[in-house]
Amino acid sequence: MSKFYENGEGKETVLQQITAKVPAGSIVTLVGPSGSGKSTILSLCNLLITPDGGRVIVEGKEVRDWNVHELRRHVGLAFQMGTMLLGTVKDNLLLAARLHQLETEATERIMQYVGLSEGMLARQADELSGGQKQRVALARTLVNRPSILLLDEVTSALDPAAARGIEELIIKIHNDRQNTILWVTHDLEQAKRVGDFTWLLAEGRLVEQADTASFFSQPKEPFTRRFLKGELSEEAAR
Amino acid sequence: MSLFTLSLALVFVGVAIVLSSGLKLGLEKDIVIAAVRSTIQLLIIGYVLSFIFSADSPVFMIVMVMLIIGAASQNIIKRKHNIPGLAWRVVVTLVTIEAVSMLFLLGLQIIPPSPRYVITFSGMIVGSSMVIANLFLNRLKAEVQTRKEEVQVVLALGGTSRQAMQPILKGAIRASMIPTIDSTKTMGLVQLPGMMTGQIIGGADPIEAVRFQLVIVFSLLATAALTSIILGRLAYPALFNEYEQLNYKE
Ligand SMILES: Nc1ncnc2c1ncn2[C@@H]1O[C@H](COP(=O)(O)OP(=O)(O)O)[C@@H](O)[C@H]1O
Ligand SMILES: [Mg+2]
């Protein structure tokens, strides 16, 4: 699929004819310099943006053929900042249930599952720490019982301990529910730890895709080798 | 009042010009333009109204009301609110406001169905709707910009654009109504409303003038709420596309 954006000088190509497949039940880690189009790929998978060329197939059906609300319940997305809506933790936790009039298990159970205390339910959501917000954000997504999870740098705004906690929580979710996960991360060690497959994206092109072990031990592309040495992410940051 | 007496009031304009040039405010030209424009516009409207009142024909009355709505819509649309298809949404809103308030005022015989009342009341109601609509649209724009992530969170959970916009619309509706409510609270204490002042100067009984003013105040409160609610309901879908994606361009 492809994606362009109109900017001042005309069309800017953000993704160029990406072709890739996420096997059901697996974890794919997606790495690449910032601005390479990682978030754009995630947004295409739940139709928060529309592809300009090509197709995005989710469980055999093109995203535009899905009912968009069902698609987004099925394909959950967690954002980098764990944005909370105004209101209490409980309001945020039960957001999806309220949007779709769903029955949910007890909020206490959900809180316990994501490692938060029940007592927090009544607190204002914007008072939580970054890690706590991210836990609530994940729980909020899980209420929809998605079979696919899109994770956009969910640990990159957190300190190492909190990041590790969120990572472990996601692995627990994956083990319990067998979700398919497309996980964007800037943390190469994390990509190596959690991925079954790893893709490298640069300037809108999929440079390399391989199973995670060979991606890190025997990268095929020279570009990937330079990226893994950290030469390229510095460049992009500048 | 004779034209000679009126021209004496130009002294006030002269004072403003002298002050502006003395203090180097650089506003002399604008003051002259403002004075000339207001004179011409008001004189024209005076002659037009006196013609319409004497003709006493519903056709002229309706044309006049349509002109008022047209001018108010133009004022809202020409501000760059960046909402696609805003024009018809604004016109529909103002027409609805006018229709509802006239239905109420005429239906309950609060005002008689003569041009003298219908045109003046329409002017005040549509004028206030225009101010509210501009406040509302500015606020809507600002809220969508600052709370874009929250909208995305709801959409990403499979919520509808309506569900995603609900808190923002509520905030913008509230914000647009607050000035009207505040000025209603201080009415009669700080300022005497223009229409009441005019009636009193024209020799009307102050008690009678106050009653009319209260009718205006109450209808303005209702139209303030209605304007934002109707316009909000009509405007927010324009910020989304068929796939429930927020496509608001700054
Ligand atoms: N709404 C948008 N309008 C225009 N350009 C955009 C928009 N969103 C992202 N981009 C551009 O697309 C490119 C890829 O962005 P993104 O997918 O967010 O990268 P990443 O997540 O890998 O950092 C960037 O160059 C960015 O400037
Ligand atoms: Mg990103």
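Residues numbered from 1 in each chain as written. Chains lettered and ligands numbered in written order. Predicted model: local features only at pLDDT ≥ 70, side-chain atom pairs only at ≥ 80, totals over all residues. Heavy atoms only, no water.

### Some thoughts on the overall build of chain A
Part 1 of the reasoning: A tally of regular secondary structure across chain A gives 11 helices and 10 strands.
Part 2 of the reasoning: Against the 2.2 N^0.38 benchmark of 18 Å for 238 residues, chain A shows a C-alpha radius of gyration of 18 Å, consistent with a compact globule.
Part 3 of the reasoning: Looking at chain A as a whole, 51% of its 238 residues qualify as buried.
Part 4 of the reasoning: Here the contacts in chain A between residues at least 6 apart in sequence split such that 64% fall between residues at least 24 apart.
Part 5 of the reasoning: Side chains of chain A carry 28 positive and 31 negative charges; the gap between the two charge centres is 2 Å. (Helix = DSSP H or I, 4+ residues; strand = E, 2+ residues; numbered from the N terminus. Rg over C-alpha atoms; globule rule 2.2 N^0.38 Å. Buried < 20%, exposed > 50% of the residue type's maximum accessible area, 1.4 Å probe, protein only. Contact = heavy atoms within 4.5 Å. Lys, Arg positive; Asp, Glu negative; His and termini not counted. Charge placed at Lys NZ, Arg CZ, Asp CG, Glu CD.)

### Digging into the interface of chain B and chain A
Part 1 of the reasoning: At the junction of the two partners, chain B supplies 16 residues and chain A supplies 23 residues.
Part 2 of the reasoning: Carbon and sulfur atoms supply 64% of the area buried between chain B and chain A, which totals about 1700 Å² over both sides.
Part 3 of the reasoning: Interface area lost by chain B to chain A is led by Ala156, Leu157 and Tyr243 of chain B, which between them contribute 37%.
Part 4 of the reasoning: At the boundary of chain B and chain A, one finds zero salt bridges. (Buried area = accessible area lost by both parts, 1.4 Å probe. Salt bridge = Lys/Arg side-chain N within 4 Å of Asp/Glu carboxyl O.)

### Focus: the site of ligand 1
All names here are of chain A.
Part 1 of the reasoning: In the vicinity of ligand 1 lie 11 residues, with Gly35, Gly37, Lys38, Ser39 and Thr40 positioned nearest.
Part 2 of the reasoning: One nitrogen or oxygen atom from the side chain of serine 39 is found 2.7 Å from an oxygen atom belonging to ligand 1.
Part 3 of the reasoning: Protein burial of ligand 1: of its 560 Å² of free accessible surface, 59% is covered by the chains.
Part 4 of the reasoning: Breaking the shell around ligand 1 down by element, the ones donating at least two residues are strand E2 (10-15) and helix H1 (38-45). (Near = heavy atom within 4 Å. Polar contact = N/O pair within 3.5 Å; in protein donor to acceptor, adjacent residues only side chain to side chain. Areas by Shrake-Rupley, 256 points an atom, 1.4 Å probe, with all protein chains shown as cover.)

### Some details on a nonpolar patch on the surface
Part 1 of the reasoning: Nonpolar side chains collect at one region of the surface, where Val11, Val15, Leu19, Leu23, Leu25 and Leu27 of chain B lie side by side and expose about 570 Å² of accessible area between them.
Part 2 of the reasoning: Along the chain, leucine 25 of chain B turns up in the loop between helix H2 (10-22) and helix H3 (28-55). (Patch = residues over 30% accessible without salt bridge, like charges linked within 9 Å, V, L, I, M, F, W, Y side chains within 5 Å.)

### A closer look at unusual backbone geometry
Part 1 of the reasoning: With a phi close to 45 degrees, glutamate 203 of chain A is a non-glycine residue in the positive phi region.
Part 2 of the reasoning: Of note, glutamate 203 of chain A is situated in the loop between strand E9 (197-202) and strand E10 (205-211).
Part 3 of the reasoning: Given a relative accessible area of 72%, glutamate 203 of chain A falls into the exposed group.
Part 4 of the reasoning: A positive phi angle, close to 55 degrees, is found at glutamine 109 of chain B, a residue other than glycine.
Part 5 of the reasoning: Following the sequence through the fold, glutamine 109 of chain B ends up in the loop between helix H5 (86-107) and helix H6 (115-146).

### Some points on the pairing of E10 of chain A
Residues and elements named next belong to chain A.
Part 1 of the reasoning: Two strands pair when backbone bridges link them, and E9 and E10 are joined in this way by six bridges, in the antiparallel orientation. Note on E10: the bridge partner recorded for threonine 198 is alanine 210.
Part 2 of the reasoning: The hairpin turn running from E9 into E10, its antiparallel successor, is two residues long, and glutamate 203 in that turn takes a positive phi close to 45 degrees. (Pairing = 2+ DSSP bridges.)

### Things to note about the sheet that holds strand E3 (residues 27-31) of chain A
Residues and elements named next belong to chain A.
Part 1 of the reasoning: The strand order across the open sheet formed by six strands is E6-E7-E8-E3-E9-E10, and the pairing between neighbours is mixed. Both edges of this open sheet fall to strand E6 (75-78) and E10, since each of them pairs with a single strand only. Neighbour-to-neighbour, the strand axes of the sheet open up by a mean angle of 15 degrees, direction not taken into account.
Part 2 of the reasoning: Bridge count between strand E7 (residues 148-152) and strand E8 (residues 180-184): five bridges; the pairing is parallel. Note on E8: the bridge partner recorded for leucine 150 is leucine 182. (Axes fitted to C-alpha atoms, helices over the stretch in contact; angles between N-to-C directions.)

### A look at the domain arrangement of chain B
Interface extent is often summarised as the accessible area lost during association of the parts.
Residues and elements named next belong to chain B.
Part 1 of the reasoning: Taken as a whole, chain B is organised into domain 1 (1-55) and domain 2 (56-239).
Part 2 of the reasoning: Put simply, the middle of domain 1 and the middle of domain 2, counted by C-alpha atoms, are 28 Å apart.
Part 3 of the reasoning: A buried area of about 680 Å², summed over both sides, lies between domain 1 and domain 2, and 80% of it is on carbon and sulfur atoms.
Part 4 of the reasoning: Sorting the residues of domain 1 by area buried against domain 2 places Ile52, Phe53 and Ala55 first, and these three jointly supply 72% of that buried surface.
Part 5 of the reasoning: Where domain 1 meets domain 2, there are zero salt bridges.
Part 6 of the reasoning: Our count for the domain 1 to domain 2 interface comes out at four residue pairs in polar contact (both at pLDDT 80 or more).
Part 7 of the reasoning: Classifying every residue of the side of domain 1 that touches domain 2 gives seven nonpolar, one polar and no charged. (Domains from an automatic or database assignment. Nonpolar A, V, L, I, M, F, W, Y, C, P; charged D, E, K, R; others polar.)

### Topic: helix H4 (residues 58-78) of chain B
All names here are of chain B.
Part 1 of the reasoning: Over its 21 residues, H4 extends 30 Å from the first C-alpha to the last, a length consistent with the 30 Å expected when each residue adds 1.5 Å.
Part 2 of the reasoning: What H4 keeps buried is the set Met61, Met64, Val65, Ile69, Ala72, Ser73, Asn75 and Ile76.
Part 3 of the reasoning: Contacts made by the buried residues of H4 are with H3, H5 and H6.
Part 4 of the reasoning: Capping the start of H4 is the job of one residue whose side-chain oxygen sits 3.1 Å from the backbone nitrogen of valine 59: serine 57. (Expected span 1.5 Å × (residues − 1).)

### Quick notes on the UniProt feature "transmembrane region" (unreviewed entry) in chain B
Part 1 of the reasoning: Under the UniProt annotation, "transmembrane region" (unreviewed entry) lies at residues 44-69, 90-111, 117-137 and 214-236 of chain B.
Part 2 of the reasoning: What you have in residues 117-137 of chain B is 100% helix and 0% strand, and the ends, taken at the C-alpha atoms, are 30 Å apart. (UniProt positions renumbered as here; feature names shortened; annotations may be inferred.)

### Quick look at the pattern of salt bridges
Where charged atoms of side chains with opposite charge meet at close range, the side chains can pair.
Part 1 of the reasoning: Within this structure, the stated rule accounts for nine salt bridges over all chains.
Part 2 of the reasoning: Residues arginine 164 of chain A and glutamate 168 of chain A are paired through a salt bridge, measuring 4.0 Å at the closest nitrogen-oxygen approach. Highlighted residues: arginine 164 of chain A and glutamate 168 of chain A, both in helix H7 (residues 160-177), separated by four residues, approximately one helical turn.
Part 3 of the reasoning: By relative accessible area, arginine 164 of chain A is classed as partly exposed at 39%.
Part 4 of the reasoning: Of the charged contacts, one joins arginine 147 of chain B and glutamate 150 of chain B as a salt bridge, the two residues approaching to 3.3 Å between their closest N and O atoms.
Part 5 of the reasoning: Residue classification places arginine 147 of chain B among the buried residues on the basis of a relative accessible area of 14%.

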